[in-house]
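Okay, here's what each chain looks like letter by letter:
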Amino acid sequence: MDASEFRRTIRTARSADERVAWFGALLGRAVGAEIEVVGGSAIEIYLTASAYTSEDIDIVGDRTAIESVLRAWGFREVEGRSRRHYWTDILVGLVDLVGLADRSGLPPQTIQTPHGPVRLSAPEPLIIRRLMRAERESSTALFDQAVALAKMGSLDWDYLESEARYEKVEGALARLKKAAGARRSSAGRR
């Protein structure tokens, strides 16, 4: 896919979350390897842009291959305040290549788009990060996003409880369970 075809395609996305999902699918296809949309970008796709809009698109995957595709599509590399490098495009916004792989140990979720599949971070690490930020920032909105993610169901509660203990947000997880109507069950996803 060349730059003009990419631009024509991405312009037809009807919403910000659809644009992020399509970008992930198109990028994965162009790279020819698995990439994963993580962080706030994954939350945006899960909850839709009407509930949350990320400021950038967080991607994990083969940096060299991804940068080659972004360059070919006309993205510009920019240096941020922290000396980190990002890629930017007027239609897509800021792309942050955050690593080679998601380190949660949980398998990503895959959703289908008109342009192929896109892999998204498992919801559990996203929930924990939201609970951490909600506590630190005293933010009801961040807690509500964690609850909305939890209501999607099929979660690994052992993972959530272990991470909540490690991150010292057990109380927030208990409140989330109550708010989401979740019941504790044995190991694995429920």
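Residues numbered from 1 in each chain as written. Predicted model: local features only at pLDDT ≥ 70, side-chain atom pairs only at ≥ 80, totals over all residues. Heavy atoms only, no water.

This next bit is on the overall build of the chain. Along the chain, the regular secondary structure elements total eight helices and seven strands. In terms of overall dimensions, the chain is globule-like: its C-alpha atoms have a radius of gyration of 17 Å, near the 16 Å expected for 190 residues. Seen through its C-alpha atoms, the chain measures out along the principal axes to roughly 50 × 35 × 30 Å. Taking contacts inside the chain between residues at least 6 apart in sequence as the whole, the part at least 24 apart equals 62%. Counting every atom, the chain has about 9800 Å² of accessible surface; 48% of that belongs to carbon and sulfur. If the 28 positive side-chain charges of the chain are averaged to one point and the 27 negative ones to another, these points end up 3 Å apart. (Helix = DSSP H or I, 4+ residues; strand = E, 2+ residues; numbered from the N terminus. Rg over C-alpha atoms; globule rule 2.2 N^0.38 Å. Contact = heavy atoms within 4.5 Å. Areas by Shrake-Rupley, 256 points an atom, 1.4 Å probe, with all protein chains shown as cover. Lys, Arg positive; Asp, Glu negative; His and termini not counted. Charge placed at Lys NZ, Arg CZ, Asp CG, Glu CD.)

With that settled, the discussion passes to the pattern of salt bridges. One pass over the full model with this rule turns up eleven salt bridges. Between Glu137 and Arg133 there is a salt bridge, with the nearest N and O atoms lying 2.9 Å from each other. Placement of both Glu137 and Arg133 in helix α5 (residues 123-137) is noted, with a separation of four residues, approximately one turn of the helix. Judged by relative accessible area, which is 40%, Glu137 ranks as partly exposed. Between Lys177 and Glu161 there is a salt bridge, with the nearest N and O atoms lying 2.5 Å from each other. (Salt bridge = Lys/Arg side-chain N within 4 Å of Asp/Glu carboxyl O. Buried < 20%, exposed > 50% of the residue type's maximum accessible area, 1.4 Å probe, protein only.)

With that settled, consider the pairing of strand β7 (residues 116-120). Strand direction decides the pairing type here: strand β1 (residues 36-38) and β7, joined by two bridges, are parallel. Counted as the bridge partner of Val37 is Leu120 from β7. Note: strand β6 (residues 109-113) against β7, five bridges, orientation antiparallel. The partner of Thr110 across the bridge, within β7, is Arg119. Hairpin connection, β6 to β7: the antiparallel pair is bridged by two residues. (Pairing = 2+ DSSP bridges.)

Here we take up the nonpolar core. Core analysis: the largest hydrophobic core is formed by 52 residues, its most contacted members being Phe23, Leu27, Ile59 and Leu176. Sort the elements by how many residues they give to this core and helix α2 (residues 16-31) lands first, with eight residues. If we ignore the near neighbours within four places in the chain, the residues touching Phe23 are Phe6, Ile10, Ile57, Ile59, Leu70, Trp73, Phe75, Val92 and Val95. (Core = buried A, V, L, I, M, F, W, Y, C linked by side-chain atoms within 4.5 Å.)

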